[in-house]
Amino acid sequence: MPKRQIVRIDEEKCTGCGLCVTPCAEGAIQIVDGKARVVREELCDGAGFCIGVCPVGALSIEEREAPAFSEEAVHEHLKGKEKTYITQTCFRCGNTEDRIPLLPCRHRGESLWVCTRCLPPLIHG
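Residues numbered from 1 in each chain as written. Predicted model: local features only at pLDDT ≥ 70, side-chain atom pairs only at ≥ 80, totals over all residues. Heavy atoms only, no water.

1. A few points about helix α1 (residues 71-78)
(1) Moving on: By the burial criterion, the buried members of α1 are Ala-73, Val-74 and His-77. Down the axis of α1, the smallest arc covering the buried residues is 100°, so these residues share one side. Residues of α1 that are exposed and point over 90 degrees away from its buried face: Glu-71, Glu-72 and His-75.
(2) Moving on: Along its buried surface, α1 packs onto β2 (29-32). (Buried < 20%, exposed > 50% of the residue type's maximum accessible area, 1.4 Å probe, protein only. Helix = DSSP H or I, 4+ residues; strand = E, 2+ residues; numbered from the N terminus. Arc of directions from axis to C-beta. Contact = heavy atoms within 4.5 Å.)

Right under this line is the structure:
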């Protein structure tokens, strides 16, 4: 098995809030027995969009041996499943991702979303 980047979920930190499930477009993360889990490693592309939304920092990216990412497996996994779409909002100005691109970020210990207009002031002060 090749080494690649994949999401790691710290079970001790995970509260099972489920916020990481929606950003995972491939459906690799689900809540199982009250905790977030990568249900099938070949579904995880290692992009990490789930990481920024975790309020307790339970998610990270690690490099380890794992099955190769499979777009075909993702397609089969998502076939027939209802898609959940929750519009995210910029924590600074209230713009939604339907109007402007948003990025996940950590600010003062919180996992939030910020729009591309509000990001420069956060970076540069």
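Continuing now.
2. Considering the domain arrangement of the protein chain
A common way to report how large an interface is uses the accessible area buried once the components associate.
(1) Moving on: With domains assigned, the protein chain is organised as domain 1 (3-78) and domain 2 (86-124).
(2) Moving on: Listed by partner, the interface residues are six residues for domain 1 and eight residues for domain 2.
(3) Moving on: Surface buried jointly by domain 1 and domain 2 totals about 500 Å² across both partners, of which 59% is contributed by carbon and sulfur atoms.
(4) Moving on: Of all residues in domain 1, Thr-22, Gly-52 and Val-53 give up the largest surface area on contact with domain 2, accounting jointly for 61% of the area buried on that side.
(5) Moving on: Taken together, domain 1 and domain 2 are joined by zero salt bridges.
(6) Moving on: Summed over the shared surface of domain 1 and domain 2, the number is zero residue pairs in polar contact (both at pLDDT 80 or more).
(7) Moving on: Here the side of domain 1 that touches domain 2 is composed, by residue class, of four nonpolar, two polar and no charged. (Domains from an automatic or database assignment. Buried area = accessible area lost by both parts, 1.4 Å probe. Salt bridge = Lys/Arg side-chain N within 4 Å of Asp/Glu carboxyl O. Polar contact = N/O pair within 3.5 Å; in protein donor to acceptor, adjacent residues only side chain to side chain. Nonpolar A, V, L, I, M, F, W, Y, C, P; charged D, E, K, R; others polar.)

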